[in-house]
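# Secondary and tertiary structure notes
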Amino acid sequence: MNEAELKILRYVLATIWLVTAALSFGLYPMADSIVLVQGLGTSQAASRAIIYAGALVDLVMGVMTLWFPRRWRWLWLFQVAVITVYTLLATVLVPQYWLHPFGPLLKNLAVLALLWLLYRHGPRAGRTA
């Protein structure tokens, strides 16, 4: 995989993180997000805090994906962990999303594959491309 192809993968990944952050910070109706998170048994205030914390994580992941792609293979592993946690939480909160026709949780599998490609083919110590 060449540098241009890796850059495209990074830009796609960064876009996913940054748009998700914007949606969580309020482009998607906050009241609807709160209802979803309250499925964990949290209060409205705690649910709002969880949503904002998740949005901040998404924002940081998007920015780091754009600005720190070299020698940060751990970033891809951290993103795998974040996606896994999000997927497990969504499985608890809205398990029906696994059967949703738009595949909101199934699409995480494609993002995990993208992360594997970045990890496998991206720069690492002793290798330039």
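Right above here is the structure, for reference.
Residues numbered from 1 in each chain as written. Predicted model: local features only at pLDDT ≥ 70, side-chain atom pairs only at ≥ 80, totals over all residues. Heavy atoms only, no water.

Turning our eyes to something else, we now look at helix α3 (residues 44-67). In an α-helix there are 3.6 residues to a turn, and that puts residues three or four apart on one side. The terminal C-alpha atoms of α3, which comprises 24 residues, lie 35 Å apart, in line with the 34 Å expected from a rise of 1.5 Å per residue. Turning to α3, its buried residues number three or more, namely S47, I51, G54, A55, D58, M61, G62, M64 and T65. Looking at the buried residues of α3, the elements they touch are α1 (3-27), α2 (30-37) and α4 (73-93). (Helix = DSSP H or I, 4+ residues; strand = E, 2+ residues; numbered from the N terminus. Expected span 1.5 Å × (residues − 1). Buried < 20%, exposed > 50% of the residue type's maximum accessible area, 1.4 Å probe, protein only. Contact = heavy atoms within 4.5 Å.)

Okay, the side chain of S47 next. Summarising the element assignment, S47 is placed in helix α3. A distance of 2.5 Å separates a polar atom in the side chain of S47 from a polar atom in the side chain of T42. Discounting chain neighbours no more than four positions away, the residues touching S47 are I34, V37, Q38 and T42. (Polar contact = N/O pair within 3.5 Å; in protein donor to acceptor, adjacent residues only side chain to side chain.)

So, on to the pattern of salt bridges. Scanning the model with the defined rule gives one salt bridge in all. For R10, the salt bridge identified is with E3, shortest N-O distance 3.9 Å. (Salt bridge = Lys/Arg side-chain N within 4 Å of Asp/Glu carboxyl O.)

We now examine the nonpolar core. Within the largest apolar cluster, 14 residues are counted, with the highest numbers of intra-cluster contacts made by L13, W17, W76, L115 and L118. Within the residue set of this core, elements represented by two or more residues are α1, α3, α4 and α5 (107-121). Those residues in contact with L13 that sit more than four places away from it in its chain are T65, W76, Q79, V111, L114, L115 and L118. (Core = buried A, V, L, I, M, F, W, Y, C linked by side-chain atoms within 4.5 Å.)

Here the focus is α4. Here α4 spans 31 Å end to end across 21 residues, near enough to the 30 Å set by a 1.5 Å rise per residue. Turning to α4, the residues buried within the fold contact α1, α3 and α5.

Contact geometry of α1 with α4 gives a least axis separation of 14 Å together with a crossing angle of 40°. Between α1 and α4, the angle falls in the class oblique. Note that α1 runs across α4; the crossing there is left-handed. Along its contact with α1, which presents R10, L13 and W17, the element α4 presents W76, Q79, V82, I83 and Y86. Taken together, the residues of the contact of α1 with α4 sort by class into six nonpolar, one polar and one charged. (Axes fitted to C-alpha atoms, helices over the stretch in contact; angles between N-to-C directions. Parallel < 35°, antiparallel > 145°, perpendicular 65-115°, else oblique. Left-handed = near helix turned anticlockwise from the far one by under 90°. Nonpolar A, V, L, I, M, F, W, Y, C, P; charged D, E, K, R; others polar.)

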